[in-house]
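Understanding the architecture of this molecule
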Amino acid sequence: MSNEEQNSSLSKERPAGVPLDNTHCGLNSAEYCITCSDEVQLAHVLQINQEELYALVMIEDTDTIEEIDISLVETISPGDQLLVHGGVAIAHAG
């Protein structure tokens, strides 16, 4: 099967709005990612491990403590509020 045939076949199987390469997330009106159905969450930084690039955070809505990847956001300190998507900090909140 040629690449063109494979791409055509793949595009028929994927839901509308999901990119062929599955590398982009987009929000719809319900505020969740149409690619992976994960919501953006507000998190409060409790502890940071700069060497391993992760942080322990408390998720605001659930009060659960999770370990998240912080490699995409610069200059994080305990007490900061972050937006988290899929276990990865994507931005400072506010």
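We now turn to the structure provided with this report.

Procedures and definitions
Residues numbered from 1 in each chain as written. Predicted model: local features only at pLDDT ≥ 70, side-chain atom pairs only at ≥ 80, totals over all residues. Heavy atoms only, no water. Helix = DSSP H or I, 4+ residues; strand = E, 2+ residues; numbered from the N terminus. Contact = heavy atoms within 4.5 Å. Areas by Shrake-Rupley, 256 points an atom, 1.4 Å probe, with all protein chains shown as cover. Pairing = 2+ DSSP bridges. Patch = residues over 30% accessible without salt bridge, like charges linked within 9 Å, V, L, I, M, F, W, Y side chains within 5 Å. Salt bridge = Lys/Arg side-chain N within 4 Å of Asp/Glu carboxyl O. Buried < 20%, exposed > 50% of the residue type's maximum accessible area, 1.4 Å probe, protein only. Core = buried A, V, L, I, M, F, W, Y, C linked by side-chain atoms within 4.5 Å. Lys, Arg positive; Asp, Glu negative; His and termini not counted. Charge placed at Lys NZ, Arg CZ, Asp CG, Glu CD.

Counting its regular elements, the chain contains one helix and five strands. Secondary structure elements of the chain, listed N to C terminal, follow the sequence α-β-β-β-β-β. Of all intrachain contacts in the chain linking residues separated by at least 6 positions in sequence, the fraction that spans at least 24 positions is 26%. Carbon and sulfur atoms make up 47% of the accessible area of the chain, which totals about 6,500 Å².

Let us now look at the pairing of strand β4 (residues 81-85). The two faces of a sheet get side chains in turn, since along a regular strand they alternate between them. The sheet contact formed by strand β1 (residues 40-49) and β4 spans five bridges and is antiparallel. Following the sheet pairing, Ala 43 is matched in β4 by Leu 82. In the sheet, β4 pairs with strand β5 (residues 88-92) via four bridges, with the strands oriented antiparallel. Among the inter-strand pairings, Leu 82 is bridged to a residue of β5, identified as His 92.

Attention now moves to a nonpolar patch on the surface. On the surface, Val 40, Leu 72 and Ile 90 cluster together into a nonpolar patch covering about 260 Å² of accessible area. Inspection of the secondary structure puts Ile 90 in strand β5.

Where burial is concerned, the two faces of strand β2 (residues 54-59) differ: the one with Ala 55, Val 57 and Ile 59 is buried and the one with Tyr 54, Leu 56 and Met 58 is not. Hairpin connection from β1 to β2: four residues lie between these consecutive antiparallel strands, with Leu 53 at a positive phi of about 55°. As defined by bridge partners, β2 adjoins strand β3 (residues 65-69) across five bridges and the pair is classed as antiparallel. Counterpart to Met 58 in the pairing with β3 is Ile 65.

All right, on to the nonpolar core then. Within the largest apolar cluster, 12 residues are counted, these being Ala 43, Val 45, Ala 55, Val 57, Ile 59, Ile 68, Ile 70, Val 73, Ile 76, Leu 82, Val 84 and Ala 89. Elements with a contribution of two residues or more to this core: β1, β2 and β4. Sequence-distant contacts of Ile 70, that is, excluding residues within four places in its chain, are made with Ile 48, Gln 50, Leu 53, Tyr 54, Ala 55, Ile 76 and Ala 89.

Judged by side-chain charge, Glu 39, Glu 60, Asp 61 and Asp 63 come together as a negatively charged surface patch. Secondary-structure assignment places Asp 63 in the loop between β2 and β3. A residue is classified by how much of its surface remains accessible, and Asp 63, at 54% relative accessible area, is exposed.

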